[in-house]
Amino acid sequence: VKVSPGSFNGLPLETKIGSGFGLALVALMAVGMVQHRSIEVLVETDSWVAHTDAVLAELEGTLSAVESMESEVRGYVATGDGAFLSQQQTWGSTPEEHLRRLRVLTADNPRQQGNLDRLNPLMERKLAFQHQLIALRSERGPVPAAELLAHREGTTLMSEICALIAAMEAEENGLLAVRQAASRASAGRATRATVLGSVLAVVLMVVAGWIIHRDATERKRAENKVAELNAGLERRVTDRTAELLAANQELEAFTYSVAHDLRAPLRHAQGFSRSVLEDFGGQLPQAGQDYLHDIVRSTQHMGRLIDGLLGLARIGRQEPRLEVTGLGVIVQQVLQDLKSDVKDRDISWQIGDLLFVECDPGLMKQVFYNLIANAVKYTRPRHPAVIEVGQTAHDGQPVIFVKDNGVGFNMKYSGKLFGVFQRLHRREDFEGTGIGLATVQRIVRKHGGRIWAEAELDKGAAFYFTLAALEPQES
Amino acid sequence: MKDAMQILLVEDDPQDLRLTMRELQNANLANRIEVARDGEEALDFLFCRGAHSGRSLRHPPRLVLLDLKLPKVDGLQVLKEIKSRPETQAIPVVVMTSSREEQDMVESYKLGVNSYIQKPVDFDQFRQTIKALGLYWLVVNQSPPEKTFSTE
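In this text, all values refer to a predicted model and were calculated from it rather than measured experimentally.

**Details of the overall build of chain A**
Within chain A, the regular secondary structure consists of eleven helices and seven strands. When each of the 475 residues of chain A is scored for burial, the buried share is 39%. Of the contacts formed within chain A by residues at least 6 apart in sequence, a portion of 73% connects residues at least 24 apart. Of the roughly 27,100 Å² of accessible surface on chain A, 58% is carried by carbon and sulfur atoms.

Okay, here's the thing in structure tokens:
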């Protein structure tokens, strides 16, 4: 049962508990077996007691039969009264009966069988002697009979019979004593086994219980440690997220304030250039007037850049206000707004059916405005321009697209497409700030979506985007 | 009544001031303009304090053009004073600012501003805005009658 603690600790918990309870079970089973054996011995001993009683009773019966025969014969010898001989026919049969039963009862004991072998001829001789006495009395009178009665042979025979029966009684009692001693020994063993086995089982179970307790405590401690570490990790993630958010907000605020503060000097530059042109334009040579016009144009462009930056920063600062909106309606509004830009153009519009989705309508209008205005701009050399707005599926997910047959771009520059101030065309070919698509991407991401483009130089471009609200509904 | 000042222009930026004055002049609205260069000066003027203690509260400007970013006392504070004091709360106030902070706009309206205008970067738009502003508040709009101010 003893296992060295080192190797025992290495065992898995189930093995420890299993072996503890298993050994306790084995101890209890051994106790049970010893007890069972002890009870068997007790029952056996009990039956032996009854057996000994029966043997003793038969021996008593034999002795008393011989004694009553003896006294009846003596009575007849003394009186000559035939009444003493009334039981004569049972003298032989009664002891014979007892001896027969004794032979059966002691069949397993060769010593008793030997005693019986010796008792039988003694009994026969005794019976014969008695008959001899009776005959002597009835034929020759009381004196010779009394003489024979006093003869040594008769006395010796009787005492031999008594001695043999006593020996047989002693043999039986001795056997009983041996068996009772064995029974007591068995009971003592059972008691010791019960005490020892129970104590062992209790000890084993206590040990197993202690191991379970210790292991549960260790496990609890480990779980607490894990929970603590998790909490710490979560706290750190929360802190980092908060820091990141703060840094991001700071950056947005900075962008906003820079863009905002740039507006005033720009307005002044433009205002005073215009004032010079208006108030003193006539006094300037043509080149001077052209330079001032260039200043005005530059300030106008910078104004658009600043407005774009402010718009971009504002999108970063605000959460979309979601409401269910028909994208088709938004597209129609955008087309209305672009009316003046397309009035001299030959454009074939192909507007497909669009879904109602949860989105910020103002921001979503900016998305469609930028994408459609881009399509209008970059199809300028096309007659007719074909601009398609619709909905399709991509990897089983609904996707909205704006497609044109314009000048397109080389896909190797597609990585720059959505960056701020990134442009894929020269400004004298196609005007622009390089902020529009960055804005579009930011809005789409704010809506939990993704935007990408496919294009081929001189063939056209297609912009695809998803929105979280477009994804298959989850419960 | 004839010499009554019509516009109080509160503007700290000298260049914005010059451009605004030029456009007001071009729109023939510059003949009676009082200029305050910070919030404190504006309040002194409106409430006839300090350098303006000789002035009468009975002749308030018909319009206050108010910038929000001002030294000493900022525009929102000036607006708050004007709109919370009985002797000045009837004066129309137009905030003209380069701020695009939504919060400024919301706060201004809560304080009772009569109009909120963002200064356009584009000069043509700026010019049209100034012109429309003067035209609306000094010509189209009916100013509160003088007794509004004399009851106090």
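Once the structure has been displayed, the description carries forward.
**Comments concerning the sheet that holds strand S1 (residues 7-10) of chain B**
All names here are of chain B. Here five strands make up an open sheet; going across it, the order is S2-S1-S3-S4-S5 and the pairing parallel. Two strands in the sheet have a free side with no partner beyond their single neighbour: strand S2 (33-36) and strand S5 (115-118). Across the sheet, the mean angle from the axis of one strand to that of its neighbour is 20°, orientation sign disregarded.

**Re the interface of chain A and chain B**
Counting residues at the interface gives 21 residues for chain A and 21 residues for chain B. Between chain A and chain B, the buried area comes to about 1,900 Å², and carbon and sulfur atoms account for 43% of it. Our count for the contact surface shared by chain A and chain B stands at five salt bridges. Run the count over chain A and chain B and you get eleven residue pairs in polar contact (both at pLDDT 80 or more). Mapped onto the side of chain A that touches chain B, the elements with two or more residues apiece are helix H6 (152-280) and helix H7 (286-317) of chain A. Sort the elements by how many residues they give to the side of chain A that touches chain B and H6(A) lands first, with 14 residues.

**So, the packing of aromatic side chains**
Aromatic ring pairs: the centre-centre distance and the angle between the two ring planes describe each pair. The final tally for this structure, using the stated rule, is eight aromatic pairs over all chains. Taken together, a centroid distance of 4.8 Å and an interplanar angle of 55° make the contact between Tyr378(A) and Phe430(A) tilted. Highlighted residues: Tyr378(A) in helix H10 (residues 361-378) and Phe430(A) in the loop between strand S5 (397-404) and helix H11 (436-446), separated in sequence by 52 residues. Neither residue differs from the other here; Tyr378(A) and Phe430(A) are each classed as buried. Ring geometry for Tyr136(B) against Trp137(B): centres 5.1 Å apart, planes inclined by 90°, an arrangement best described as edge-to-face. Given the relative accessible area of 41%, Tyr136(B) is considered partly exposed. Pairwise contacts between aromatic rings join Phe401(A), Trp452(A) and Tyr464(A) into one cluster. The residue whose ring lies beneath Arg450(A) is Trp452(A), and the NZ or CZ to ring-centre distance is 4.2 Å. The ring of Phe47(B) carries Arg85(B) above its face, with NZ or CZ at 4.1 Å from the centroid.

**Describing the pattern of salt bridges**
One pass over the full model with this rule turns up 30 salt bridges over all chains. The salt bridge partner of Arg101(A) is Glu58(A), with a shortest N-O separation of 3.0 Å. In this pair, Arg101(A) is assigned in helix H3 (residues 88-105) and Glu58(A) in helix H2 (residues 13-79), connecting sequence segments 43 residues apart. Given a relative accessible area of 12%, Glu58(A) falls into the buried group. One salt bridge in this structure joins Glu171(A) and Arg111(A), with 2.8 Å as the shortest N-O distance. With a gap of 60 residues between them, Glu171(A) in helix H6 and Arg111(A) in helix H4 (residues 110-140) connect regions that are remote in the sequence. Among the ionic contacts, a cluster of salt bridges with common partners joins Arg274(A), Glu278(A), Asp279(A), Arg22(B), Glu23(B), Asp124(B) and Arg127(B).

**Let's talk about the confidence of the model for chain B**
Averaged over all residues, the pLDDT of chain B is 85; the fraction at 70 or higher stands at 94%. Across the interface, the model reports ipTM at 0.77; the global pTM reads 0.51.

Cut-offs applied
Residues numbered from 1 in each chain as written. Chains lettered and ligands numbered in written order. Predicted model: local features only at pLDDT ≥ 70, side-chain atom pairs only at ≥ 80, totals over all residues. Heavy atoms only, no water. Helix = DSSP H or I, 4+ residues; strand = E, 2+ residues; numbered from the N terminus. Buried < 20%, exposed > 50% of the residue type's maximum accessible area, 1.4 Å probe, protein only. Contact = heavy atoms within 4.5 Å. Areas by Shrake-Rupley, 256 points an atom, 1.4 Å probe, with all protein chains shown as cover. Pairing = 2+ DSSP bridges. Axes fitted to C-alpha atoms, helices over the stretch in contact; angles between N-to-C directions. Buried area = accessible area lost by both parts, 1.4 Å probe. Salt bridge = Lys/Arg side-chain N within 4 Å of Asp/Glu carboxyl O. Polar contact = N/O pair within 3.5 Å; in protein donor to acceptor, adjacent residues only side chain to side chain. Phe/Tyr/Trp six-rings, centres within 6.5 Å; stacked < 30°, edge-to-face > 60°. Lys NZ or Arg CZ within 6 Å of the ring centre and 35° of its normal. pLDDT = per-residue confidence, 0-100.

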